[in-house]
Amino acid sequence: MGSETPQEPRQVRTPWALLLLGRPTLLLRPAEGDSGGGEKEPGDVTALLTGRMLELLIFLALHPHGARRDAVVAALWPDTNRRRPANNLSAIITRLRSALRNHALGNRGAHCSDAGDDLPDIVTIEGETYRINPDTVTVDYWNFLAATADPPRHQNPSADASRPTTELTDESLDTLRTAHDLYRGPLADGIGTEWILAIREATRRTFLTTSAHLVRHYATIQPETALHLLETTTRRDDVNEKLYHDIIALQLRMGDNVGADNTLRLLMALLSDIGQSPSPATADFARLIHEELAKPPHPVS
C-alpha cells in the first residue's frame with residue numbers, strides 16, 4: 001500500500017524533520033531569513049541516505065531516549081559477530097554526517113556556513129548511547145505518540161455507563177485531529193526489518209482507535225465530516241472491511257443508498273484483488289443495500 005505525500009510535523013521549527021509515518025523521509029529546512037522573501041519549502045534529502053543509514057535513523061527514532069551501541073548493532077547486523085559491525089556503525093555515522101554536510105554546502109543557507117561546521121548533527125553520541133538529537137530534529141512519530149498518550153476526554157460525561165457520551169472536549173478533539181493528520185501510512189512503510197513489525201502494528205491500531213473516537217464524535221453532529229474521516233482512514237490503512245462497513249452504514253443513515261452501493265462495490269473489488277472472501281457482515285450489507293435500492297423513491301411533495 002502506498003503512503004500519502006509527506007507533510008511537515010506541526011511543532012517547534014528544527015533544522016531537520018524525520019517523517020516515519022508513511023514512507024520514511026528526511027527533510028532539511030532552510031535557515032531562518034534565507035527564504036528570499038517567501039516561505040521556502042524544506043528539501044527532501046532522503047536520497048542521500050543508504051539503506052543502512054535510513055535503518056539507523058529509524059531505529060534510533062523508535063528509541064527517543066537513546067539506544068546503546070550493542071542494541072543498535074544487534075538490530076542492524078543481527079546475523080554477524082558484534083566487533084566488526086560496531087566499527088561499521090561508526091563508519092556509517094561518519095558517512096551520514098559527511099553526506100548531509102556536503103549537501104548543505106551545495107545549498108548554502110540551509111543551516112550551514114561555508115565551512116559546513118555549523119550544520120547541526122542529527123545523531124548524538126554520549127558514551128555508549130546513540131540518540132536522535134531532539135533539539136535539531138522533529139520526528140512525526142514522536143508527535144503522534146504525544147498526541148495519543150492520554151485517553152480522550154468527553155463533554156459532560158454521562159452517569160449512565162450504558163450510554164456513554166461521544167462528543168469530545170475541544171482540547172481532545174484538536175489533539176486527535178493532529179494525530180489523525182500526522183498518520184500518512186504504516187510506520188516506516190517499505191522497511192521490512194523484524195524489529196519494526198510489532199511497533200508498526202501497535203501504531204496502526206492506535207491510529208484506528210483515534211479515527212474511531214473522531215468518527216463517533218462527528219457521526220451525529222457532522223455526518224459529512226465523519227464520512228470524510230472514514231474515507232481518509234481507508235486510504236491510510238490496508239483493506240479493512242470494518243472501516244468500509246462503517247462508511248456504508250453512515251451513507252445509509254444519510255440516505256445515500258447509491259453511495260453505499262458504490263462503496264460496497266469498491267470493497268468487493270479490493271477483496272477480490274487480494275484473494276479474500278467477503279465476511280458475512282459484508283454479505284448482510286449487500287442484502288440491505290439491495291433492499292434499499294429496490295424501494296420506490298419518495299414522492300416529491
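Our structure is the block above this text.
The notes below deal with the structure included here. The structure presented is a predicted model; accordingly, all values stated were derived computationally and were not measured.

### Some words on the packing of aromatic side chains
Turning to step 1, where the next piece is worked out: The tally for this structure, following the rule as stated, stands at three aromatic pairs.
Turning to step 2, where the next piece is worked out: Seen in terms of ring centroids, Phe59 and Trp195 are 5.2 Å apart; in terms of plane orientation they differ by 85°. Their pairing is edge-to-face. With Phe59 in helix H1 (residues 51-61) and Trp195 in helix H6 (residues 194-218), the pair connects residues that are 136 residues apart, well separated along the chain.
Turning to step 3, where the next piece is worked out: The exposure class assigned to Phe59 is buried, which follows from its relative accessible area of 6%.
Turning to step 4, where the next piece is worked out: Geometrically, the ring pair formed by Phe144 and Tyr183 is tilted, given 6.0 Å between the ring centres and 45° between the ring planes. In this pair, Phe144 is assigned in helix H4 (residues 140-147) and Tyr183 in the loop between helix H5 (170-182) and H6, connecting sequence segments 39 residues apart.

### Some words on H6
Turning to step 1, where the next piece is worked out: A rise of 1.5 Å per residue sets the reference length of H6, with its 25 residues, at 36 Å; its end C-alpha atoms lie 37 Å apart and thus fit the reference within 8%.
Turning to step 2, where the next piece is worked out: Restricting attention to buried positions, one finds in H6 the residues Ile196, Arg200, Thr203, Phe207, Leu208, Thr210, Ser211, His213, Leu214, Val215, His217 and Tyr218.
Turning to step 3, where the next piece is worked out: Tucked into the core, H6 has its buried residues touching H1, H4, H5, helix H7 (223-235) and helix H8 (241-253).

### Observations regarding the pairing of strand S5 (residues 123-126)
Strand residues, when the strand is regular, have side chains that alternate between the two faces of the sheet.
Turning to step 1, where the next piece is worked out: Where S5 lies against strand S6 (residues 129-132), four bridges are found, and the strand directions are antiparallel. Along S6, the bridge assignment pairs Thr124 with Arg131.
Turning to step 2, where the next piece is worked out: Remark: two residues form the turn of the hairpin made by S5 and S6, two consecutive strands paired antiparallel; Gly127 in that turn has positive phi of roughly 65°.

### Side note on the side chain of Thr136
Turning to step 1, where the next piece is worked out: Relative to the elements of secondary structure, Thr136 occurs in the loop between S6 and strand S7 (137-139).
Turning to step 2, where the next piece is worked out: For Thr136, a relative accessible area of 10% translates into the label buried.

### A closer look at the pattern of salt bridges
Turning to step 1, where the next piece is worked out: Tallied over the entire structure, the rule returns 10 salt bridges.
Turning to step 2, where the next piece is worked out: Taking the shortest distance from any N to any O, the salt bridge between Arg52 and Glu55 comes out at 3.8 Å. Taken together, the residues Arg52 and Glu55, both in helix H1 and three residues apart, mark about one turn of the helix.
Turning to step 3, where the next piece is worked out: Among the residues examined, Glu55 registers a relative accessible area of 17% and is labelled buried.
Turning to step 4, where the next piece is worked out: For Arg265, the salt bridge is made with Asp261, and the minimal N-O distance between the two is 2.9 Å.

Conventions and cut-offs
Per chain, residue numbering runs from 1 following the sequence as it is written. Local features in this predicted model are restricted to residues whose pLDDT is 70 or higher, and side-chain atom pairs enter the listing and the counts only when it is 80 or higher, whereas totals over whole chains, interfaces and linings include all residues. Excluding hydrogens and water, the side-chain figures rest on all heavy atoms present in the structure. Stacked, edge-to-face and tilted are the three classes for Phe, Tyr and Trp ring pairs, Trp counted by its six-membered ring, which pair at centre distances within 6.5 Å; planes under 30 degrees apart are stacked, over 60 edge-to-face, the rest tilted. The secondary structure listing takes helices from DSSP runs of H or I that are at least 4 residues long and strands from runs of E that are at least 2 residues long, numbered from the N terminus. We call a residue buried when its accessible area falls under 20% of the maximum for its residue type, exposed when it is over 50%, and partly exposed in between, using a 1.4 Å probe and counting protein chains only. Expected span of a helix: the number of residues minus one, times 1.5 Å. By definition in these notes, contact holds between two residues if any of their heavy atoms fall within 4.5 Å. Two strands qualify as a pair provided that DSSP identifies no fewer than 2 bridges between them. In the sections that follow, a salt bridge refers to a side-chain nitrogen of Lys or Arg positioned within 4 Å of a carboxyl oxygen of Asp or Glu.

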